[in-house]
Amino acid sequence: MEVRARAPGKIILAGEHAVVHGSTAVAAAIDLYTYVSLRFPTPTDNDNQLKLHLKDVGLELSWPVGKLKEALPKLSSHPASAPSSCSLETFKAITALVDEQNIPETNIGLATGVSAFLWLYTSIHGDKPAKVVVTSELPLGSGLGSSAAFCVALSGALLALSESGKLDFTDQGWQIFQDSDLELVNKWAFEGEKIIHGKPSGIDNTVSTYGNMIKFRSGQLTRIKTNMPLKMLITNTKVGRNTKALVASVSERTLRHTSAMASVFNAVDAISNELAAIIQAPASDDLAVTEKEEKLGELMEMNQGLLLCMGVSHLSIDTVIRVALKYKLSTKLTGAGGGGCVLTLLPTLLSGTVVNKVIAELESCGFQCMIAGIGGGGMEKQKCNGTGLFGGLRLGVGLGGLGIPGGGRETSACWEQDIIGFWVQGRERGRA
Ligand SMILES: Nc1ncnc2c1ncn2[C@@H]1O[C@H](COP(=O)(O)OP(=O)(O)OP(=O)(O)O)[C@@H](O)[C@H]1O
Ligand SMILES: C[C@@](O)(CCO)CC(=O)[O-]
Ligand SMILES: [Mg+2]
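Residues numbered from 1 in each chain as written. Chains lettered and ligands numbered in written order. Predicted model: local features only at pLDDT ≥ 70, side-chain atom pairs only at ≥ 80, totals over all residues. Heavy atoms only, no water.

A few words on the overall build of the protein. Looking only at helices and strands, the protein features 13 helices and 13 strands. The buried share of the protein, reckoned over its 432 residues, is 55%. Excluding contacts between residues fewer than 6 apart, the proportion of contacts in the protein whose partners are at least 24 apart in sequence is 77%. In the structure as shown, the protein presents an accessible area of about 18000 Å², 54% of it carried by carbon and sulfur atoms. (Helix = DSSP H or I, 4+ residues; strand = E, 2+ residues; numbered from the N terminus. Buried < 20%, exposed > 50% of the residue type's maximum accessible area, 1.4 Å probe, protein only. Contact = heavy atoms within 4.5 Å. Areas by Shrake-Rupley, 256 points an atom, 1.4 Å probe, with all protein chains shown as cover.)

Owing to its 3.6 residues per turn, the α-helix aligns residues three or four sequence positions apart on the same side. When the terminal C-alpha atoms of helix H11 (residues 352-364) are compared, their 18 Å separation across 13 residues agrees well with the 18 Å that a helix rising 1.5 Å per residue should span. Among all positions in H11, only Val 355, Val 358, Ile 359, Glu 361 and Leu 362 are buried. Around the axis of H11, the buried residues are gathered within 165° of arc, so they sit on the same side. In H11, those exposed residues whose orientation departs by more than 90 degrees from the buried face are Thr 353, Lys 357 and Ser 364. Contact partners of the buried residues in H11: strand E9 (232-236), helix H10 (315-326) and strand E12 (368-370). (Expected span 1.5 Å × (residues − 1). Arc of directions from axis to C-beta.)

Turning to the site of ligand 2, a few remarks are in order. Neighbouring residues of ligand 2: 14 residues in total, closest Lys 10, His 17, Pro 200, Ser 201 and Asp 204. Asp 204 is positioned such that a nitrogen or oxygen atom in its side chain is 2.6 Å from an oxygen atom of ligand 2. Alone, ligand 2 offers 300 Å² of accessible surface; in the complex the protein occludes 99% of this. Its atoms largely coinciding with the cavity grid, ligand 2 occupies the largest pocket. Contributions of two or more residues to the shell around ligand 2 are made by strand E1 (2-14) and helix H6 (203-210). Its residues assigned to classes, the shell around ligand 2 shows seven nonpolar, four polar and three charged. (Near = heavy atom within 4 Å. Polar contact = N/O pair within 3.5 Å; in protein donor to acceptor, adjacent residues only side chain to side chain. 1 Å grid on protein atoms, 1.4 Å probe; cavity = no way out; pocket = protein on both sides within 12 Å on 5 of 7 lines; lining within 4 Å. Sits in = over half its atoms within 2 Å of the grid points. Nonpolar A, V, L, I, M, F, W, Y, C, P; charged D, E, K, R; others polar.)

It is worth spelling out the coordination of the magnesium ion (ligand 3) at this point. In an ideal octahedron of six donors the angles at the metal are 90 or 180 degrees, and in an ideal tetrahedron of four donors they are 109.5 degrees. Every protein donor of the magnesium ion (ligand 3) is accounted for by Ser 147 (OG) and His 197 (NE2), and the metal-donor separations fall at 2.2 to 2.3 Å. With Ser 147 in helix H4 (residues 146-160) and His 197 in helix H5 (residues 179-197), this pair connects stretches of sequence that are 50 residues apart. An identical accessibility class is assigned to Ser 147 and His 197; each is buried. (Donors = N, O, S within 2.8 Å, 3.2 Å for Na, K, Ca; no water.)

With that out of the way, let us pick up the site of ligand 1. Neighbouring ligand 1 are 23 residues, the closest being Lys 10, Gly 109, Ser 146, His 197 and Arg 241. Within the complex, the protein chains bury 93% of what would otherwise be the 630 Å² of accessible surface of ligand 1. Here ligand 1 occupies the largest pocket. Among the residues making up the shell around ligand 1, the classes are represented as eight nonpolar, twelve polar and three charged. Summarising the domain contributions, the shell around ligand 1 has at least three residues from each of domain 1 (2-220 + 375-386) and domain 2 (231-370). (Domains from an automatic or database assignment.)

On to the UniProt feature "domain: GHMP kinase C-terminal" (unreviewed entry) in the protein, then. Cross-referencing UniProt, the feature "domain: GHMP kinase C-terminal" (unreviewed entry) maps to residues 294-346 in the present numbering. Structurally, residues 294-346 is divided into 55% helix and 15% strand, and its ends, taken at the C-alpha atoms, are 11 Å apart. (UniProt positions renumbered as here; feature names shortened; annotations may be inferred.)

What follows is about helix H2 (residues 88-99). Compared with the 16 Å implied by 1.5 Å per residue over twelve residues, the 16 Å span of H2 between its first and last C-alpha is a close match. The complete set of buried residues in H2 reads Ala 93, Ile 94, Leu 97 and Val 98. Down the axis of H2, the smallest arc covering the buried residues is 140°, so these residues share one side. Across H2 from its buried face, at more than 90 degrees, point the exposed residues Leu 88, Glu 89, Lys 92 and Asp 99. Next to the buried residues of H2 lie strand E4 (59-64), helix H1 (65-71) and helix H3 (110-125).

Time to look at the nonpolar core. Of all hydrophobic cores here, the largest spans 58 residues; its most connected members are Ile 11, Leu 13, Leu 144, Leu 230, Ile 279 and Met 310. Inspection of this core shows a minimum of three residues originating in each of domain 1 (2-220 + 375-386) and domain 2 (231-370). Residues Ala 7, Leu 50, Leu 61 and Tyr 210 belong to the second largest nonpolar core, which totals 54 residues. (Core = buried A, V, L, I, M, F, W, Y, C linked by side-chain atoms within 4.5 Å.)

Before going further, it helps to examine unusual backbone geometry. Not every positive phi belongs to a glycine, and His 17 is a case in point at roughly 65°. Position of His 17 relative to the elements: it lies in the loop between E1 and strand E2 (25-39). The phi torsion at Asn 102 lies on the positive side, around 50°, for a residue other than glycine. Following the sequence through the fold, Asn 102 ends up in the loop between H2 and H3.

So, about the packing of H4 against H6. Contact geometry of H4 with H6 gives a least axis separation of 8 Å together with a crossing angle of 55°. When the axes of H4 and H6 are compared, the pair comes out oblique. Relative to H6, H4 is oriented so that their crossing is right-handed. Packed against H4, whose contacting residues are Ala 148, Ala 149 and Val 152, the element H6 presents Asp 204, Asn 205, Ser 208 and Thr 209 at the interface. (Axes fitted to C-alpha atoms, helices over the stretch in contact; angles between N-to-C directions. Parallel < 35°, antiparallel > 145°, perpendicular 65-115°, else oblique. Left-handed = near helix turned anticlockwise from the far one by under 90°.)

Now for a negative patch on the surface. A cluster of acidic residues, Glu 274, Glu 291, Glu 294, Glu 298 and Glu 301, forms a negative patch at the surface. It is helix H9 (residues 286-310) that contributes the most residues to the negative patch, four residues altogether. (Patch = residues over 30% accessible without salt bridge, like charges linked within 9 Å, V, L, I, M, F, W, Y side chains within 5 Å. Salt bridge = Lys/Arg side-chain N within 4 Å of Asp/Glu carboxyl O. Lys, Arg positive; Asp, Glu negative; His and termini not counted. Charge placed at Lys NZ, Arg CZ, Asp CG, Glu CD.)

Quick look at the structure:
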């Protein structure tokens, strides 16, 4: 049997970085997903390898299962129902297994993702041969939670076919998990995030697992029910950055200026709580919505100022802020900063003409704009029948021109469904 799982990316409305240091943050899922499919070979496939295909970057990696057993002798000591952290010894062995694959220098950032894959796969399925295929609609390393979506979708697919995970399928089509199953997926995903991020707060994997909008503090989530329309323009500055390094730089600044940074984190905590309260408060009429939007915009600007204090803004982010401000729009970075993606609040009464002007001006600076749906579902799974990824006939056509990420797709029902989904979404997201 083959399963697929998908997990969404996210935006952080307030509180990134400070959340690593115990402050409250507010995050929402977006309707851009990472998809992971998993299939075990049948005896007739005569395949004794663990294969990982990262389709969007055209990277195909494989390890003979004998090699995994040799390098990771303690493989079977982790029950899938009890997530555990990767020890330093195992991490070194996994790093050596990844290094042997000679990942091209241009894709070297993927090495930590591949390490997280090996840890999650071998912890849940030991040295069983399999083929895992990953595709993503998210820009990687851009602040939209690509690492968390990858870890959540991967954990979901792995647990869906594990003995001890026991994530049952009832039907075809995308299915949501039960809360207890989601908790297990989230815990494993957090272990994967630790390998990619170093010291994650857990907010990204949590919002990707549960979806919707959440308030998050010290590992605890509170679901938020929105009582107002919320539209954000997401601008990708396309400036590359790395969450692990940015989180580490804030921690170093905190060590150097402990008291000042504690005040910064306290202020962020207050901003996140006020922002969550505004989003949840019932709005009686249009004027109330406008007032709420003005307050949200102001809080986003204040949060951005504090992110500047933490040292995680960037010249490219300043450019977006300046362009948006010409149209009286509020902007803040989202995710780890240092480039990556930036959020601009689009008030309900803002005309489409103005939105198009802002987008045109931002895109003339070389940035990429999109309007993603906010607050959708979390991680989901799907059982695939038919020939699937091993035996399936590949279409083998480049679909990039249609705005579809990745190369050719297989002709299983699951993949075809996606081709249509990607295309429609791509067109919708192009403009306001
Ligand atoms: N689809 C994927 N396949 C393989 N690795 C991935 C994938 N998506 C993310 N990763 C891993 O995660 C890394 C990017 O994670 P990083 O945390 O730096 O950025 P992000 O998650 O996109 O942004 P943020 O953490 O600020 O929300 C990649 O370099 C790669 O190692
Ligand atoms: C920068 C950070 O706060 C959010 C990254 O999306 C890191 C984390 O919370 O793990
Ligand atoms: Mg990340």
